[in-house]
Amino acid sequence: INAIKAKLAKPLAQRTYTGKLAESKSIVASSEDKATLATATGAIAVDMESFAIAKVAQAHSLPFLPVRAIADPRTMDLPKAVSHGLNDQGEVELSKLLLYLLWHPTELPGLIALGLHFSAAQKTLKEVAKQLDVVTMPYQHALNPIKTNA
């Protein structure tokens with residue numbers, strides 16, 4: 001897995017970081033809470049999904065490397081509109097979001113900033129995804145060797 005990290009980091013060196021992730025079962029919205037969590041855990045980012053996947057991979061003795069792109073940096077407070085616009089599954093419901101914005105229009109600049117960060121994060125993930133097949137190919141063959149009739 002260290003070899004995969006090293007290969008991925010080379011072409012994306014300016015935007016690639018490796019380090020601990022802090023698990024959270026709820027949104028960590030304020031920059032102050034993010035900083036406190038970083039100080040307490042030594043984590044470079046908060047993650048709500050990767051730990052569940054890592055546990056399943058570990059239970060099946062499979063290698064696992066979370067690749068995350070951060071849309072809300074540690075210095076950014078998430079707009080309150082985000083949590084007000086989520087449904088019970090954690091998905092944004094546009095009608096709820098727009099209704100909240102109608103009553104709280106000062107949230108709009110924060111949402112725009114978050115959208116710009118999200119777009120940049122998505123672009124980085126796409127760049128990494130293009131490289132994953134090439135980088136992980138030796139590991140895929142080791143896990144699933146090609147069988148011959150010889």
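Residues numbered from 1 in each chain as written. Predicted model: local features only at pLDDT ≥ 70, side-chain atom pairs only at ≥ 80, totals over all residues. Heavy atoms only, no water.

J.: Any chance you could explain the pattern of salt bridges here in plain terms?
T.: For side chains bearing opposite charge, pairing can occur when the charged atoms are close. Going through the model one piece at a time under the given rule, you end up with four salt bridges. Across the salt bridge formed by Glu-23 and Lys-25, the nearest N and O atoms sit 3.5 Å from each other. Given a relative accessible area of 74%, Lys-25 falls into the exposed group. It is possible to trace a salt-bridge network through shared partners that takes in Asp-47, Glu-49 and Arg-68. (Salt bridge = Lys/Arg side-chain N within 4 Å of Asp/Glu carboxyl O. Buried < 20%, exposed > 50% of the residue type's maximum accessible area, 1.4 Å probe, protein only.)

J.: Before we go on, may I ask you to explain unusual backbone geometry in this structure?
T.: The bulk of non-glycine residues show a negative phi, and the bulk of peptide bonds are trans. One non-glycine residue, Ser-61, lies in the positive phi region at around 55°. The topology assignment puts Ser-61 in the loop between α3 (50–59) and α4 (80–84). (Helix = DSSP H or I, 4+ residues; strand = E, 2+ residues; numbered from the N terminus.)

J.: I keep staring at the nonpolar core and nothing clicks. Help me out?
T.: The nonpolar side chains of soluble globular proteins are, as a tendency, buried together. Of all hydrophobic cores here, the largest spans ten residues; its members are Ala-71, Met-76, Leu-78, Ala-81, Val-82, Leu-97, Tyr-100, Leu-101, Leu-111 and Leu-114. Listing elements by their share of this core, those giving two or more residues are α4, α5 (94–103) and α6 (108–143). Considering every element that reaches this core, the biggest residue donor is α5, with three residues. Dropping the residues within four chain positions of it, Leu-78 is found in contact with Ile-27, Val-28, Ala-29, Asp-72 and Leu-114. (Core = buried A, V, L, I, M, F, W, Y, C linked by side-chain atoms within 4.5 Å. Contact = heavy atoms within 4.5 Å.)

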